[in-house]
Every structure is written in C-alpha cells, then in structure tokens.
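# Residue-level structural notes
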Amino acid sequence: MKHLADKLAVCKVGEDADIKISNTRDEVLSRISLTCGRSARVAINGIDVLNSSLEIYLADSCELTIDAGQLMNGPVRIYQHEPTRVFIGERCLFGGVDIWSSDMHSIIDVETGQRVNRARDIRIGARVWLGEEALVLKGSVIGHDCVVSARAVVTEGTYPPHCILAGVPARVIRTAITWDSRLL
C-alpha cells in the first residue's frame, strides 16, 4: 500500500481497507485522489486514459469496483458517504461526471421520524458513455452500451442496454443503439 500511496495525488486509507489498482500507468495514478474509511474495498482494474482527475471518497464499509479499459476525459467524482456498492463495467467513456450513492444528509418523515432517503447501490454496465456533467444517483442501474447525454441526471431505476438517456430526470429517448468513440 505504501508504494501505491506514493503514486496517487491523495491517498488516505482507513484501517482494514483493501485497495487494489492494476493496469494503470503511473501518470494516470498521479491524477487519482482516494479517501476511504475502515473496511472499504476498492478494485480498479485499469484506467487507460485520465485527462483530468478522478476523486474517490468512500465511507466505512463501502465497495467500489471499476473494470478495465476506462477512458475519462473530464473530472470524475465518485462519492459513497454511506455503506454502498458501486460497480462500473469495462471500457466506459466519461466526460466530467459525478456518481453519488447517497444524498449525504438525512431527510426525515415528520410523522414517523423515519429516514426516507436511504443510500443505494449503483451499477453502470460495460461500454457506457457518460456525457459531460452527467450525474448518476443512488439506485441507478444502467445497462451496457448506453449513452447518457450531457447534464442528464440519472435517478433511481433500471435502464435497459443499448439506449440513450437524456434529461432531468433522465429518461430513455432512443433504444437499439450502440456507440463508437471514432468519428465514422
């Protein structure tokens, strides 16, 4: 862990945390800020391009998995302020994106005194293109080969593979698509 900590822009890791970063060049590692609590689990299996920065914050007992082949062109922020799991499939393309698995504050039902905004896991499938300033919120499950438009807000729900999501809140505006990073 010491060797890895020297390569990251910021590295603050809690007791019993398990951090594994592979297939990522030192130049890319130097743009990653990682702060995580006790018993957090991080597995980054390969970031190919990071043109800006990646900021990761995990509270105690959170899990983050980022599969191989990621392309990140703008600042990417992943916030897990409560115990949750975030999974990002392989070969995704990111503009400047925020991913939040909780609201970071409690909303309480006045009559029952119960919290109504619990944290939820997030799952982003393989080959998902997240446009500039897209926001992916708790409880979102995005199928593989999707495109999320710039400034879309993806809220709790399951979105099918091969679709375009756009709007606030995001909704499916087209199906039966795929994407290619080349201009064809």
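First, a word on scope: everything that follows refers to the structure included in this document. What you see is a predicted model; the values in this text were computed from it and never measured. (Residues numbered from 1 in each chain as written. Predicted model: local features only at pLDDT ≥ 70, side-chain atom pairs only at ≥ 80, totals over all residues. Heavy atoms only, no water.)

## Here we look at the state of the cysteines
On inspection of all chains with the given rule, the structure shows zero disulfides. You can see Cys-92 has no disulfide; the closest cysteine sulfur is in Cys-146, sitting 9.9 Å from it. (Disulfide = S-S within 2.5 Å.)

## Considerations on the sheet that holds strand β18 (residues 153-154)
The parallel open sheet is built from seven strands, whose spatial order is β1-β3-β6-β9-β12-β15-β18. Both edges of this open sheet fall to β1 (10-13) and β18, since each of them pairs with a single strand only. As defined by bridge partners, strand β12 (residues 97-100) adjoins strand β15 (residues 134-137) across four bridges and the pair is classed as parallel. Within β15, the position partnered with Trp-100 by the bridge is Leu-137. (Pairing = 2+ DSSP bridges. Helix = DSSP H or I, 4+ residues; strand = E, 2+ residues; numbered from the N terminus.)

## Focus on unusual backbone geometry
Excluding glycine, residues mostly carry a negative phi; peptide bonds, for their part, are mostly trans. A cis amide bond, omega -5°, links Val-168 with the succeeding residue Pro-169. One non-glycine residue, Arg-151, lies in positive phi territory at about 65°. With respect to the element layout, Arg-151 can be found in the loop between β17 (147-148) and β18. Arg-151 gets classed as exposed once you look at its relative accessible area, which sits at 57%. (Buried < 20%, exposed > 50% of the residue type's maximum accessible area, 1.4 Å probe, protein only.)

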